[in-house]
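Here are the chains, one letter per residue:
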Amino acid sequence: MIADAFLWVLNRTPSLRRAMWRTFFDFLASRFGDISWWTLMNYGYADLQVGVPPLELLPADEAERYPIALYHHVATLAPVAGHDVLEVGSGRGGGASYVARYLKPARLVGIDLSVKAVAFSNRQYRLDSLHFQEGDAESLPFSDASFDSVINVESSFCYPSIGRFFAEVKRVLRPGGHFHYTDLRLTHEIADWHTAIAESGLEAIIEHDITANVVEALHRDSARRRAGGRRIVSRPFSAIADVFTGVEGTRIPSLLASGEMVYYSFLLRKPSGATG
Ligand SMILES: C[S@@+](CC[C@H](N)C(=O)[O-])C[C@H]1O[C@@H](n2cnc3c(N)ncnc32)[C@H](O)[C@@H]1O
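The structure displayed is predicted, hence computed values, not measured ones.

## Notes on the sheet that holds strand β1 (residues 84-88)
Think of a sheet as strands paired side by side through backbone hydrogen bonds, with each pair either parallel or antiparallel.
And step 1. As summarised here, the arrangement of the seven strands in space is β3-β2-β1-β4-β5-β7-β6, forming an open sheet in which the pairing is mixed. Every interior strand has two partners, whereas the edge strands, β3 (130-134) and β6 (203-209), have only one. Neighbouring strand axes in the sheet, compared pairwise and without regard to direction, differ in orientation by 15 degrees on average.
And step 2. In this structure, strand β5 (residues 173-186) lies alongside strand β7 (residues 261-269), joined through nine bridges in antiparallel fashion. For Tyr-181, the partnering residue across the bridge sits in β7 and is Phe-266.
And step 3. Packing of helix α4 (residues 94-103) onto the sheet brings it into contact with β1, β2 (107-112), β3 and β4 (147-153), and relative to β2 it is tilted by some 175 degrees.

## Observations regarding the pairing of β5
And step 1. By the bridge criterion, six bridges tie β4 to β5 in an arrangement that is parallel. Paired with Ile-151 across the two strands is His-180, which belongs to β5.
And step 2. Taking the sense of rotation as the criterion, the β-α-β connection linking β4, helix α6 (residues 162-172) and β5 turns out right-handed.

## Quick notes on the site of the ligand
And step 1. For the ligand, the set of nearby residues contains 22 residues, the closest of which are Phe-25, Asn-42, Gly-89, Gly-91 and Ser-155.
And step 2. Across the shell around the ligand, the residue classes tally to eleven nonpolar, seven polar and four charged.

## A closer look at the packing of helix α3 (residues 65-75) against α4
And step 1. At a minimum axis separation of 9 Å, α3 and α4 run at an interaxial angle of 60 degrees. Comparing their axes, α4 and α3 come out oblique. Like other packed secondary-structure pairs, α3 and α4 cross with a definite hand, here right-handed. Residue-level contacts link Pro-67, Ile-68, Tyr-71 and Ala-75 of α3 to Gly-94, Gly-95, Tyr-98, Val-99 and Leu-103 of α4.
And step 2. For the contact of α3 with α4, the per-class residue count stands at seven nonpolar, two polar and no charged.

Here is what the cut-offs are and how they apply
Residues numbered from 1 in each chain as written. Predicted model: local features only at pLDDT ≥ 70, side-chain atom pairs only at ≥ 80, totals over all residues. Pairing = 2+ DSSP bridges. Helix = DSSP H or I, 4+ residues; strand = E, 2+ residues; numbered from the N terminus. Axes fitted to C-alpha atoms, helices over the stretch in contact; angles between N-to-C directions. Contact = placed C-beta atoms within 7 Å. Right-handed = clockwise from strand over helix to strand, strands pointing away. Near = placed C-beta within 6 Å. Nonpolar A, V, L, I, M, F, W, Y, C, P; charged D, E, K, R; others polar. Parallel < 35°, antiparallel > 145°, perpendicular 65-115°, else oblique. Left-handed = near helix turned anticlockwise from the far one by under 90°.

Remember that the coordinates give geometry; whether it matters functionally is a separate question.
Written out as structure tokens, the structure is:
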């Protein structure tokens, strides 16, 4: 009840919403800044098609297979090899690192609102083609038409104005450039989400409902998520870690499994003739 009232205030106070998420992710990055085995913060993706070989990963990447697979799913909706790529909401940098190392863009810049998550990412990854910097999704610190592709994974639910974010994505993309986008929403929020996408001026090329893939990933990954939470916080706080990391039986997996929440992926494109 108190949590619901808090969220009601948060949803109606954009500056408070931004500050709250910045404080939360800054806290995580400073409290857990030396934990190199935890590099992704999304709910993951599991391929449900029978007979599809598993994603080939280096042994060092195996532990975070499902969160990496979500990046693989969304980043391969269109080619990124040789592209200038921007990731918005790069978190602890593990997804950007996967894309940079396996999918070979010419350059990948990850930006995040949390200065401390950016510092962690720059400490953790040393690749010439990969760099992280502070930035706000609604005011991207780049000139017009400076990227071929933009990636955004499980971050836009934090933004006070999704319309301003889409306008910024369109502005920094080159004409014909792609927006690889995935996130979750409560069922009653889907109509507004689709309206914002339709009004963005970006063309919708692909839309997938990947809720079942995310539910299955959370199921397969639950023991690792529970154990990871216990490695970084002790009782009684481990129950909070379970909620945050999406251990089976907690709020987010339950909402996704019951259909009260959905997880979608999209490929959008800036029209070839577009200027703004
Ligand atoms: C759930 S985490 C996902 C991180 C990463 N995409 C991943 O999958 O591991 C959401 C991230 O969005 C970032 N974020 C929230 N609001 C933001 C904003 N307005 N601009 C840029 N990043 C933001 C947070 O700091 C956090 O790192």
